[in-house]
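Structure at a glance
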Amino acid sequence: MLNDRKDPIIAIATAPGRGAVGIVRLSGPDLKAFMNAFLGVQLPARVATLLPFNAANGDPIDQGLAIYFPAPHSYTGEDVLELQAHGGPVVLQLLQQRCLELAASVTSEGQHVLPQLRLARPGEFTERAFLNDKLDLVQAEAVSDLINATTEMAARSASRSIEGVFSRGIQTLLEALIALRMLVEATLDFPEEDIDFLQRDDAAGQTARILSELENLLKNAKQGALLREGMVVVIAGQPNAGKSSLLNAISGVDVAIVTPVAGTTRDKVTQTIQINGVPIHVIDTAGLRETQDEVERIGVDRAWQEIARADAVIFLHDASRTADAAYAALEKELHQQIAKLVGTQVTMLEVYNKCDLTDIHDLALPLSGAEISISAKTGAGLDTLRQKLLQIAGWQAVPDGVFMARERHVQALRQTKEHVVQAQALLNSEIKELELIAEELRLAQQALGEITGAFSADDLLGVIFSQFCIGK
C-alpha cells in the first residue's frame, strides 16, 4: 500500500450528491507542470484564482476557483491543487476525468507528457499527511472521527485531538519513559560506579509520576472512546411491556410501531440518541416468549442475539401485571436467562414501565435492588433512566478536557500501564533485576508509541486509513 505513495493522486473531495460547490483535489510531489498544462498559468500560492476549466477540445466544463498549496505547506505535505466548481455530480466527474486524461496523454514518441495521475484510495490524502509528518496517527484518526461525529461533544473532542491535545499527553509520557529508561541503562552500563543512579535520580518517584499521568490519560481516553463508540443498549422483556413505547419516548421520534397487540415488534429497531452529548444506540427487540408464529420466533431469536452483544440491557417490566402469577414466574425465568447470557460484565437495568397505571410503591419489585419506575406514556422517570444509562456507560462530566480516542488507544494505554506497573514492582524489590526493568520500560514505550504511529505496522495503517472517505 505504501509503495506507490509518490504517485500524484486525485479524488472528488466533497460528499456525493448535488451542492452549491464541489471540490476536486490533487496531491503529488510536483504539480507545477500539470497546472500549466491544464490551467495555462502558474497559480500563486494559497490564492483563489477564478479560471475556466476546459475539456480537451476547448469547450468549457465549468468556471471556478483554483487554489495551489505548494509543498511542504499543505495538508498532505506535497503540492496540493484544489479545483472548486459547481457541485453537480456530472460536473465533478467530468473535471476529474479531464485531469486523468490529461495526465495520461503521450507524445508521438509514446512518452508521457506529465507524471501519471491515479485515483486516490480512501483516506490516502490523510495517509500522506501522516507519512509526511504533517499529522501523527492520533490526529489522522481524529480527522475521520470529526467527519463521522454524531454529537456536538464528539465533534469538539475530535477537534481537540486534531489540535494535538491527546498527542501532547502521549509525548509527555514518552519523554518521561525515555528519561527513566536512560537512567536504568546508565546503571546497567556502568555497574562499577559507586553512584546509585536509580536512587540518586529517584527512579521510584519518576515511575510513580508516570503511572499517575498514565492513569489520568487513560481516564480521559476512556471518555473519548465513549464519545466515539457510544454504548449499545438493548430493551428486552415480555410482549406488551412497552419496549417500543420506551424507544419512541427516549428518542423523541416514533421509530417503532406501537399497538396493544402482543408480538407487534418482529425484528429489531435501532435508534441512536444523545444523552449529555454521549451517543447511546438503543435497540428495541421482539417480546421474549414461546411462540408458534414462525416470523415472531425469528424475531425472538434475534432479540436474544442482540442481548448477547449488548453493552447494557434494560429489562423492561410491566408494572400493571406484577400481581399476575404466570407473568411474574416468566419474569423470573427471563431474568435468570438474561443474567446467564450477559454475565457480570454487562449491566442489566430493571425498569418498571406503566407506573401511571398503578401505585408502584405498593408493589414488591426487587429482582436486583436497582429498579427504576417510569411511564413511557407520560415521560415520568425518563430523566432518571437517562442519567442511569450515563452512569452505566462510565461517563463523567469533564467535557472541557475530553479528546477523541478509540478503543485501540485505550488498549495501548492499558498495555503501557501493565508494563510500567511491572517495572515499578521490580524497582521496589530487594534484588533489582535491571535487565528486566529495562525490558519492561522498553515494552511500555513501544506500546505508547503505537498510539501516535511511532511504532506501527503497515497493515495497521492500511486498516485505519481504509475506513476514511475517498477524497480525505
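Computed from a predicted model, the values in this text were never measured in an experiment.

Observations regarding the nonpolar core
Counting 34 residues, the largest nonpolar core has Phe166, Ile170, Leu413, Ile437, Leu448 and Ile451 as its most contacted members. In this view, Ile437 contacts Val184, Ala423, Leu426, Leu427 and Lys432; residues no more than four positions away in its chain are not counted. If you look at the next biggest cluster of nonpolar residues, it comprises 28 residues, including Ile372, Ala376, Leu382 and Trp395.

With respect to empty space enclosed by the protein
For the structure on display, the rule yields one cavity of 30 Å³ or more. In this model, the largest cavity occupies a volume close to 50 Å³. In this structure, the largest cavity is lined by Pro8, Asp30, Leu31, Phe34, Ala103, Leu114, Pro115 and Leu117. Taken together, the residues of the lining of the largest cavity sort by class into seven nonpolar, no polar and one charged.

Remarks on the environment of Phe130
By the secondary structure assignment, Phe130 is in helix H3 (residues 124–131). Given the relative accessible area of 10%, Phe130 is considered buried.

Quick word on the sheet that holds strand S7 (residues 231–236)
Strands sit in the order S8-S9-S7-S10-S11-S12 across an open sheet of six strands; the sheet is mixed. Each having just a single partner strand, strand S8 (269–275) and strand S12 (371–373) make up the two edges of the open sheet. Neighbour-to-neighbour, the strand axes of this sheet turn through a mean angle of 25 degrees, independent of strand direction. In this structure, S7 lies alongside strand S9 (residues 278–284), joined through five bridges in parallel fashion. Note that in S9 the partner of Val233 across the bridge is Val282. Strand contacts of helix H11 (residues 325–342): S7, strand S10 (312–318) and strand S11 (347–353), with the helix running at about 180 degrees to S10, the strand carrying the most contacts.

Focus on the pattern of salt bridges
The tally for this structure, following the rule as stated, stands at 23 salt bridges. With its nearest N and O atoms 2.8 Å apart, the salt bridge here joins Arg408 to Glu141. Residue Arg408 is found in helix H13 (residues 407–428), and its partner Glu141 is found in helix H4 (residues 137–147); the two are separated by 267 residues along the sequence. Look at Glu141 and you get buried, because its relative accessible area is 0%. Between Glu215 and Lys417 there is a salt bridge, with the nearest N and O atoms lying 2.4 Å from each other. Highlighted residues: Glu215 in helix H8 (residues 203–229) and Lys417 in helix H13, separated in sequence by 202 residues. The exposure class assigned to Glu215 is partly exposed, which follows from its relative accessible area of 33%. According to the relative accessible area criterion, Lys417 is partly exposed, its value standing at 27%.

Quick word on the UniProt feature "binding site: Mg(2+)" (unreviewed entry) in the protein
Per the UniProt record, the feature "binding site: Mg(2+)" (unreviewed entry) sits at Ser244 and Thr265. Relative to the helices and strands, Ser244 is located in helix H9 (residues 243–251). Using a relative accessible area of 8% as the deciding quantity, one classes Ser244 as buried.

Details of the packing of H4 against helix H14 (residues 434–452)
It is at 5 Å that the axes of H4 and H14 come closest, and there the two elements cross at 40 degrees. As summarised for this structure, H4 and H14 are arranged oblique, according to the angle between their axes. Contact with H4, carried on its side by Leu137, Val138 and Glu141, involves Glu450, Ile451 and Thr452 of H14 and no other residues of that element. In terms of residue class, the contact of H4 with H14 is built from three nonpolar, one polar and two charged.

Some points on the pairing of strand S3 (residues 49–54)
In this sheet, strand S4 (residues 60–69) lies alongside S3 in antiparallel orientation, the contact comprising six bridges. Directly across from Thr49, in S4, lies its bridge partner Ala66. Linkage of S3 to S4, two consecutive antiparallel strands, is achieved through a turn of five residues, within which Gly58 is found at a positive phi near 95 degrees.

Side note on the sheet that holds strand S5 (residues 79–87)
Strand pairing in a sheet relies on backbone hydrogen bonds. The paired strands run either parallel or antiparallel. In space, the six strands of this open sheet follow the order S3-S4-S5-S2-S1-S6, with mixed pairing throughout. Looking at the sheet topology across the chains shown, the edges are occupied by S3 and strand S6 (118–119). Of the strands in this sheet, strand S1 (9–12), strand S2 (19–28), S3, S4, S5 and S6 touch helix H2 (residues 89–104), which is tilted by about 145 degrees from S5.

A short note on the confidence of the model for the protein
Looking at the protein, the pLDDT average stands at 85 and 88% of residues meet or exceed 70. This stretch, residues 362–369, has a pLDDT under 50; its non-local contacts, to residues over four places away or in other chains, come to 12 contacts.

Cut-offs and rules
Residues numbered from 1 in each chain as written. Predicted model: local features only at pLDDT ≥ 70, side-chain atom pairs only at ≥ 80, totals over all residues. Heavy atoms only, no water. Core = buried A, V, L, I, M, F, W, Y, C linked by side-chain atoms within 4.5 Å. Buried < 20%, exposed > 50% of the residue type's maximum accessible area, 1.4 Å probe, protein only. Contact = heavy atoms within 4.5 Å. 1 Å grid on protein atoms, 1.4 Å probe; cavity = no way out; pocket = protein on both sides within 12 Å on 5 of 7 lines; lining within 4 Å. Points joined across faces, edges and corners; volume = space filled by probe spheres on them. Nonpolar A, V, L, I, M, F, W, Y, C, P; charged D, E, K, R; others polar. Helix = DSSP H or I, 4+ residues; strand = E, 2+ residues; numbered from the N terminus. Pairing = 2+ DSSP bridges. Axes fitted to C-alpha atoms, helices over the stretch in contact; angles between N-to-C directions. Salt bridge = Lys/Arg side-chain N within 4 Å of Asp/Glu carboxyl O. UniProt positions renumbered as here; feature names shortened; annotations may be inferred. Parallel < 35°, antiparallel > 145°, perpendicular 65-115°, else oblique. pLDDT = per-residue confidence, 0-100.

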